[in-house]
Amino acid sequence: MNAPTPASTGIGAAVRRKEDLRFLTGRGTYTDDINRPGQLHAWIVRSPHAHARILSIDTEAARAAPGVVAIYTGRDMAADNVGGLPCGWLIHNKDGTPMAEPPHPPMVADKVRHVGDQVAVVIAETRAQARDAAEMVDVEYEELPAIVSVADADDEFAPLVHDSVARNTCYDWHLGNKEATEVAFARAAHITSLDIVNNRLVPNPMEPRAYIGEYDRATDDTTLWTTSQNPHVIRLLMGAFVLNIPEHKLRVVAPDVGGGFGAKIYHYAEEAIVTWAARKLSRPVKWTSERSEAFLSDAHGRDHVTRAELALDADGRFLGLRVSTKANMGAYLSTFSTSIPTYLYATLLAGQYTTPAIYAEVKALFTNTVPVDAYRGAGRPEACFLLERLVDTAAREMGIDRAELRGRNLIPKEAMPYATPVALTYDSGDFAANLEHALKLADYAGFPARREESARRGKLRGLGLCSYIEACGLAPSNVAGALGARAGLYESAEVRFHPTGSVTVFTGAHSHGQGHETTFAQIVADRLGVPFDKVEVVHGDTAKVAMGMGTYGSRSLPVGGSAIVKAVDKVVAKATKIAAHLMEAAAADIEFRDGRFTVAGTDKSVGIADVAMAAYVPHNYPLEELEPGLDEQAFYDPKNFTYPNGVQIAEVEIDPDTGKTQILSFMAVDDFGRIINPMVVEGQVHGGIVQGIGQALFEHAVYDPDSGQLLTGSYMDYCMPRADDVPSFRVVTNEHALCTHNPLGVKGCGEAGTIGGSATIMNALVDALSPFGIRHIDMPATPEKVWRAIQSARVPQAAE
């Protein structure tokens, strides 16, 4: 924000974000800022039990409370034939049979399956009245045994979360070549094994979820205002599968959204509840989550338990990787939950390395906990953490320098495109150059001296290294469909050149902090040669944007930006024909550069703004060839994922007397392909790193194993990183390996910091603890956990 506004505002310029003016001055419009005429307020009655049968619901006293307009239960929704919340990705078991897909009702009528499950909704004139009346709803439960961990769920005698799902198993899936992997392990000179827990996280975006449903009886139109990352998908899922509303009669609007991190991708029960209630009452119905509700109802992230093994030859060359993961689905299948531990996790287990044989098996299990879905990185951080912890551990066990071991096994630049053993084909990347650059910037060679200096002060110093890669911009649609995706993964854009020279861009991507209004405008200004401040970006409204798949998985620029480029190219193609007519030349002789059309070899030219005016005021216009107007739409369906990659290095210092970890430095060398706005990129990387640090050192959603109660249900118990917990980051990007298959050459940057952040910190922390013989510690590495590990390691030494 402190960087000066550059003279250039096109691609590559560090332009200040234009949307920040309204955000920083309090002029943003968030869903909770919106109030509709005649609006009512909803309060959700939630289960206090993790697993219980509903015996009765008495609403008589609550209905008589002041201001109460209506109270509905799951039976009311079932009577209206309201459908269950759909899962967007079908996974098949090892034997080819489809996964178990139990119903996910917006409000339950028979049995609650996690603390916070929706039981009833109270609707009143004010929010306070609805909340007070909700306290008066008397629900009688028969409490049942609860399970919260995948270890307990995967037992033949475990209580069933869903009676129809045997052994609580959603699916038992695999990827890779099992036979080849077994052969690799049989001939290995060394095998490194780790049991890894990827801790459960609560996303915690700054803005809690909020929804307003509104129904116009005169037109039969329904509108939902929502804090969503993909309004078009919500329209599709809710309209077609839950409420049976034709799409042309359902408008979904996602205005300013204060952060998402994946938690606002999904179709939530409350969206359906307020929309359904508004239609029944013919009055707008609003619901805004409290932070305590968010802990109990926002989809959580991560929660894997894994046994991982790496086979190496005597020279430290990777031969094979074997992974067995149990993934927690929670009580129900959230919208994209099933794809996270499979196609977004196991496909990244090759990392940057030439491991010839990989076999992964994933068992997804239901538990009596909040549903688990994508959280920033979505499967890729889990894969990176597993792999990079294995590599560091193998290096220590074999007595090989960890940077050297990575360098020996990196995929060479000359091997691109490179097909991994787990279904992906990397199109570009110079992994060795990134590693060399990062080691030099971090003064890797000088670390031993810094470690000695810390030791003189009684501190333990460690250095962590992580080579990460991720797959972004899920694609292409036909491949994703064959793998179980129930929606296309394209993006749409419309570029409308107005007669007075300004441009409006309509994008199906959605911005909730990424800076689209700036970066998309830079792309259009650069390619059309129009002033940056004359480009407007519109998103988040299904009534304005024809179709879109939203924002997640770092897809905005690679997919959404490419759709914009295609639409811009169509505008230029049409404008070229108009310019040729205006200058009495052949279209083939027209050159376009910097906003002007020129007849090749002459000084005859016309500006694109003048061409736009001619398009809308067609007094001198080739009407026999072209329709008036300069407004073009395009869809872009990627040919492949994009593969951002890089190296992160951090140094930490631990006080052995308290176990407290201080991060001394953190730097990243990233390959994001072409950079549109370096300032935006740096901000995205900073935020991602902090979330990676949060998982490594602070955050953990903990359930009581007996009652199923969430023990970390507020900021008093769930620790979030603060500004003084992190250092100033050093972020370096390069552009020497552009994406080869999209028109911008971009790869995506929004999740990169998180992909490697946790592994980088934990590698540094274990390195600091290595003098005690500690080879692994589970996240989050809280001071108490670190202190206890040190004390446990000291006891045998003292005994000797």
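Residues numbered from 1 in each chain as written. Predicted model: local features only at pLDDT ≥ 70, side-chain atom pairs only at ≥ 80, totals over all residues. Heavy atoms only, no water.

Peer 1: Explain the side chain of Thr325 here, please?
Peer 2: When you line up the elements, Thr325 lands in strand β14 (residues 318-330). Looking at Thr325, the relative accessible area reads 1%, which means it is buried. For Thr325, the side chain forms a polar contact with the side chain of Thr306, separated by 2.8 Å. Excluding residues within four positions of it along the chain, Thr325 makes contact with His304, Val305, Thr306, Tyr345, Glu361, Val362 and Lys363. (Helix = DSSP H or I, 4+ residues; strand = E, 2+ residues; numbered from the N terminus. Buried < 20%, exposed > 50% of the residue type's maximum accessible area, 1.4 Å probe, protein only. Polar contact = N/O pair within 3.5 Å; in protein donor to acceptor, adjacent residues only side chain to side chain. Contact = heavy atoms within 4.5 Å.)

Peer 1: Looking at this structure, I do not really get a negative patch on the surface. What am I missing?
Peer 2: Taken together, Asp58, Glu60, Asp138 and Glu140 make up a surface patch of like negative charges. Counting through the fold element by element, Glu60 comes out in helix α2 (residues 60-63). A relative accessible area of 63% means that Glu60 is categorised as exposed. (Patch = residues over 30% accessible without salt bridge, like charges linked within 9 Å, V, L, I, M, F, W, Y side chains within 5 Å. Areas by Shrake-Rupley, 256 points an atom, 1.4 Å probe, with all protein chains shown as cover. Salt bridge = Lys/Arg side-chain N within 4 Å of Asp/Glu carboxyl O. Lys, Arg positive; Asp, Glu negative; His and termini not counted. Charge placed at Lys NZ, Arg CZ, Asp CG, Glu CD.)

Peer 1: Can you walk me through unusual backbone geometry in this structure?
Peer 2: Keep in mind that most residues, glycine aside, have a negative phi and that most peptide bonds are trans. Of the consecutive residues Met416 and Pro417, the connecting peptide bond is found in the cis state with omega at -5°. Residue placement: Pro417 occurs in the loop between α11 (402-409) and β16 (418-419). A cis amide bond, omega -10°, links Met779 with the succeeding residue Pro780. Mapping Pro780 onto the fold places it in the loop between α19 (752-769) and α20 (783-799).

Peer 1: It is not clear to me how the pattern of salt bridges should be interpreted in this structure. Could you clarify?
Peer 2: If the charged atoms of two oppositely charged side chains come close together, the side chains can form a pair. Scanning the entire structure with this criterion turns up 50 salt bridges. As a salt-bridge pair, Arg302 and Glu382 come within 3.8 Å of each other at their nearest N and O atoms. Placement of the pair is Arg302 in the loop between α9 (291-297) and β13 (304-312) and Glu382 in helix α10 (residues 380-398), with a sequence separation of 80 residues. For Asp430, the salt bridge goes to Lys413, with nearest N and O atoms at 3.9 Å. Linking Asp430 in the loop between β17 (425-426) and α12 (431-441) with Lys413 in the loop between α11 and β16, this pair joins segments that are 17 residues apart in sequence. Assessed through its relative accessible area of 14%, Asp430 is described here as buried. Classification of Lys413 as partly exposed rests on a relative accessible area of 42%.

Peer 1: So what exactly am I meant to see when it comes to the pairing of strand β21 (residues 535-538) here?
Peer 2: When a strand is regular, its side chains alternate between the sheet's two faces. In terms of strand pairing, strand β20 (residues 503-507) meets β21 through 4 bridges, oriented parallel. The partner of Phe506 across the bridge, within β21, is Val538. Following the chain from β20 across helix α15 (residues 516-528) to the adjacent parallel β21, one finds a crossover that is right-handed. (Pairing = 2+ DSSP bridges. Right-handed = clockwise from strand over helix to strand, strands pointing away.)

Peer 1: How should I be thinking about the packing of aromatic side chains in this particular structure?
Peer 2: Geometry of an aromatic ring pair is reported as the spacing of the ring centres plus the angle between the planes. Counted by the stated rule, this structure contains 16 aromatic pairs. When the ring of Phe295 is compared with that of Tyr718, the centres are 5.7 Å apart and the planes differ by 75°; the resulting orientation is edge-to-face. One end of the pair, Phe295, is in helix α9; the other, Tyr718, is in the loop between α18 (678-697) and β28 (729-734), and 423 residues separate them in sequence. Take Phe295 and Tyr718: they sit in the same class, and that class is buried. Relative to Tyr643, the ring of Phe641 has its centre 6.2 Å away and its plane inclined at 50°; by these criteria the two rings are tilted. (Phe/Tyr/Trp six-rings, centres within 6.5 Å; stacked < 30°, edge-to-face > 60°.)

Peer 1: Would you explain the packing of α18 against α19 in this entry?
Peer 2: Relative orientation and spacing of two packed helices are given, respectively, by the angle between their axes and the distance between those axes. Viewed as axis vectors pointing N to C, α18 and α19 meet at an angle of 45°, and their least axial separation amounts to 7 Å. In terms of axis orientation, α18 runs oblique to α19. Here α18 runs over α19; the crossing is right-handed. Taken together, the residues of α19 that come into contact with α18 (itself represented by Val685, Gly688, Ile689, Gln691, Gly692, Ile693, Gln695, Ala696 and Leu697) are Gly753, Thr754, Gly757, Ser758, Ile761, Met762 and Leu765. For the contact of α18 with α19, the per-class residue count stands at 8 nonpolar, 8 polar and no charged. (Axes fitted to C-alpha atoms, helices over the stretch in contact; angles between N-to-C directions. Parallel < 35°, antiparallel > 145°, perpendicular 65-115°, else oblique. Left-handed = near helix turned anticlockwise from the far one by under 90°. Nonpolar A, V, L, I, M, F, W, Y, C, P; charged D, E, K, R; others polar.)

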